[in-house]
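One-letter residues, chain by chain:
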Amino acid sequence: MIEVKNVYFSYNGVSDVLKDISLRIDKGIIGIVGPNGSGKTTFLKVASLLYKPRKGRVLVDGIDFWNLDVSKRISIKRKIVYVHEKPILIRGSVVDNLIYGLLLRGVDRDKALKRAVDCLKQMEVEYLLEKSAKNLSAGESQLVSLARAFVLDPQFLFLDEPLANLDFKKRKNVLCFLRRLADNRTVIVIATHDQLIASTYAEKVVHIEEGRVVRVGKPDDVLTF
Amino acid sequence: MYSEIIEISFRSLLISSAATLMALSWSLPISYMISSRQSRLGKMIVSISNALVSVPTVIVGLFLYMLFSRKGPLSVVGLLYTPQAIVLGESLLITPLLISLFHDVFNEYRSKYWEMAISLGATFSQAAALVVREAMPRLVTVSLIGFGRAIGELGVALMVGGNIKGYTRVLTTSIALEVSKGEFEEALMLGFILLGIVFTIVVAVRLMNRVLER
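Residues numbered from 1 in each chain as written. Chains lettered and ligands numbered in written order. Predicted model: local features only at pLDDT ≥ 70, side-chain atom pairs only at ≥ 80, totals over all residues. Heavy atoms only, no water.

## Side note on the overall build of chain B
Okay, step 1: Assigned secondary structure in chain B consists of eight helices and zero strands.
Okay, step 2: Start at the N end of chain B and walk to the C end: the helices and strands fall as α-α-α-α-α-α-α-α.
Okay, step 3: Summarising its shape, the C-alpha atoms of chain B cover approximately 65 × 45 × 25 Å along the three principal directions.
Okay, step 4: Going through the 214 residues of chain B one by one, you find that 47% of them count as buried. (Helix = DSSP H or I, 4+ residues; strand = E, 2+ residues; numbered from the N terminus. Buried < 20%, exposed > 50% of the residue type's maximum accessible area, 1.4 Å probe, protein only.)

## Looking at the sheet that holds strand S10 (residues 212-217) of chain A
All names here are of chain A.
Okay, step 1: Read across the sheet, six strands follow the order S6-S7-S8-S3-S9-S10 without closing on themselves; strand pairing throughout is mixed. Each edge of the open sheet carries a strand with a single partner, namely strand S6 (80-83) and S10. Each neighbouring strand pair of the sheet contributes to a mean axis angle of 15 degrees, computed without reference to strand direction.
Okay, step 2: Two elements, S6 and strand S7 (residues 156-160), share four bridges in a ladder whose sense is parallel. Considered in S7, the bridge of Val 83 is made with Leu 159.
Okay, step 3: Here helix H5 (residues 138-150) sits on the sheet and contacts S6 and S7; the angle it forms with S6, its principal contact strand, is near 175 degrees. (Pairing = 2+ DSSP bridges. Axes fitted to C-alpha atoms, helices over the stretch in contact; angles between N-to-C directions. Contact = heavy atoms within 4.5 Å.)

## Describing the sheet that holds strand S2 (residues 16-25) of chain A
All names here are of chain A.
Okay, step 1: Read from one edge to the other, the open sheet built from four strands follows the order S2-S1-S4-S5, with strand pairing classed as antiparallel. The strands lining the two open edges of the sheet, one partner per strand, are S2 and strand S5 (63-64).
Okay, step 2: Direction of pairing for strand S1 (residues 2-10) relative to S2: antiparallel, over a ladder of six bridges. Following the sheet pairing, Glu 3 is matched in S2 by Arg 24.
Okay, step 3: Where helix H1 (residues 40-47) meets the sheet, it contacts S1, S2 and strand S4 (55-60), and its direction lies at approximately 55 degrees from that of S2.

## Quick look at unusual backbone geometry
Okay, step 1: Even without being a glycine, A:Asn6 presents a positive backbone phi close to 50 degrees.
Okay, step 2: Position of A:Asn6 among the secondary structure elements: in strand S1.
Okay, step 3: One non-glycine residue with positive phi stands out, namely B:Gln38, at about 50 degrees.
Okay, step 4: With respect to the element layout, B:Gln38 can be found in the loop between helix H1 (2-37) and helix H2 (40-52).

## Comments concerning the confidence of the model for chain B
Residues and elements named next belong to chain B.
Okay, step 1: Residues with a pLDDT of 70 or more make up 100% of chain B, whose mean pLDDT is 94.
Okay, step 2: For chain B, per-element mean pLDDT is lowest for helix H8 (residues 184-213), which scores 89, and highest for helix H4 (residues 83-119), which scores 97.
Okay, step 3: The complex prediction reports pTM at 0.89, with the ipTM value standing at 0.93. (pLDDT = per-residue confidence, 0-100.)

## A closer look at the nonpolar core
Okay, step 1: Core analysis: the largest hydrophobic core is formed by 105 residues, its most contacted members being A:Ile25, A:Ile32, A:Phe43, A:Phe150, A:Leu157, A:Phe158 and A:Leu178.
Okay, step 2: The leading source of residues in this core is H4(B), at eleven residues.
Okay, step 3: Residues within four places of A:Leu157 in sequence aside, it is in contact with A:Val81, A:Val83, A:Ala149, A:Phe150, A:Leu178, A:Leu181, A:Thr186, A:Val187, A:Ile188 and A:Val189.
Okay, step 4: B:Phe68, B:Leu79, B:Leu80 and B:Val160 belong to the second largest nonpolar core, which has eleven residues in total. (Core = buried A, V, L, I, M, F, W, Y, C linked by side-chain atoms within 4.5 Å.)

## Here's the deal with the packing of aromatic side chains
Centre-to-centre distance and the angle between the planes together describe a pair of aromatic rings.
Okay, step 1: The final tally for this structure, using the stated rule, is nine aromatic pairs over all chains.
Okay, step 2: With 6.5 Å between their ring centres and 40 degrees between their planes, B:Phe102 and B:Phe106 make a pair best called tilted. Residue B:Phe102 and its partner B:Phe106 are located together in helix H4, separated by four residues, close to a single helical turn. Grouping residues by exposure puts B:Phe102 and B:Phe106 together as buried.
Okay, step 3: Among the aromatic residues, those joined into a cluster by ring pairs are A:Phe9, A:Tyr11 and A:Tyr51. (Phe/Tyr/Trp six-rings, centres within 6.5 Å; stacked < 30°, edge-to-face > 60°.)

## Quick look at the interface of chain B and chain A
Okay, step 1: With 20 residues of chain B at the interface, the matching set in chain A holds 22 residues.
Okay, step 2: Here chain B meets chain A over a buried area of about 1900 Å², counting both sides, of which 56% is carbon and sulfur.
Okay, step 3: Broken down residue by residue, the surface that chain B buries against chain A is led by B:Glu115, B:Ser119 and B:Leu120, which jointly contribute 34%.
Okay, step 4: Taken together, the connections running from chain B to chain A amount to one salt bridge.
Okay, step 5: Of the charged contacts in the structure, one is a salt bridge between A:Lys45 and B:Glu115, with a shortest N-O distance of 2.7 Å.
Okay, step 6: Looking at which element gives the most residues to the side of chain B that touches chain A, the answer is H4(B), with seven residues. (Buried area = accessible area lost by both parts, 1.4 Å probe. Salt bridge = Lys/Arg side-chain N within 4 Å of Asp/Glu carboxyl O.)

This is the structure:
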């Protein structure tokens, strides 16, 4: 479980983008909704341990992450994966991208390749396998960026607008895949503008406005407010 | 005569390559550290480097001449009129250019790849390795620009090298000498050789970059 407790975050040290945010991230799919500039992405980055809060704590399974020794952080950090809104792919093939995170974790190259292929098959996009990363369309880049996170089988998965560039069929495939991951105990947090997705797939929805949590609850309670 | 031209060409290549490698050995880590730490000192180093990018080569040559001449503070090392002095001079000459351009490259690639690598579970050193890997084609191009400035400069080679035949004579100092003697044909031939070397290296690096970018 990740617990964000009374967190403040500022990019410039002057004005806070997140103001006294507290949230439990414990199970299922959690939707983060809110207008542009409300702090959704920043919240995701703080909760996924990419950004250190100015004030407040982020606890992972009860351990205060930012109070840990730098050398001890990596094992906790590797339980959590964040996927950027704009896909950032490395030079090389789709496979190179997919196995990157696995190789970082010391997984054998052959095993990593097998997992990458399996993941693409499950997402029904195995045709991407042989492609070069620089020749992908925006939607395909997004799929590879997502697959690169899925293949790591993380305990917590933070996705920033994961369906932005995808067509209807690919959206459906990704959402089905996310549902399977969530059923398999991965906790998924999705920042989205799409209230339909939040209402259909999330078990809990968090509405953020001006850096504060204004409502938390079941989709029907939060989104029809 | 041809054997002398070949010898001069090889010496030019060797000296400028050594100078570029030497400048790379400190410019790369300094630039990376500056872009990763964003400190006030780093910003100051970049500002000074930007200001010194187009410093005249004779100024660097004069500065080193004063250091290494018989009355200079570093006369005991006996570097004046040696190939090593040209290597040192050229490496100092291209350092501001390399720091300035490497800093821009690292800033661009770090902002893009560092956070992505960390978000996928990279340690700081793994993330740094990814940034360097992704930036490699651009880093190679910048190194080539540095090499181009080193092999094409005249002021440093003339002032601290002395244009000694068979020892410190390089292509640029030879061209200057031939022109001063009125031997324009020889000067032109040496000029074409210099152009040929630079052109060949540019083409080779472009081809290598194409392979790297795949």
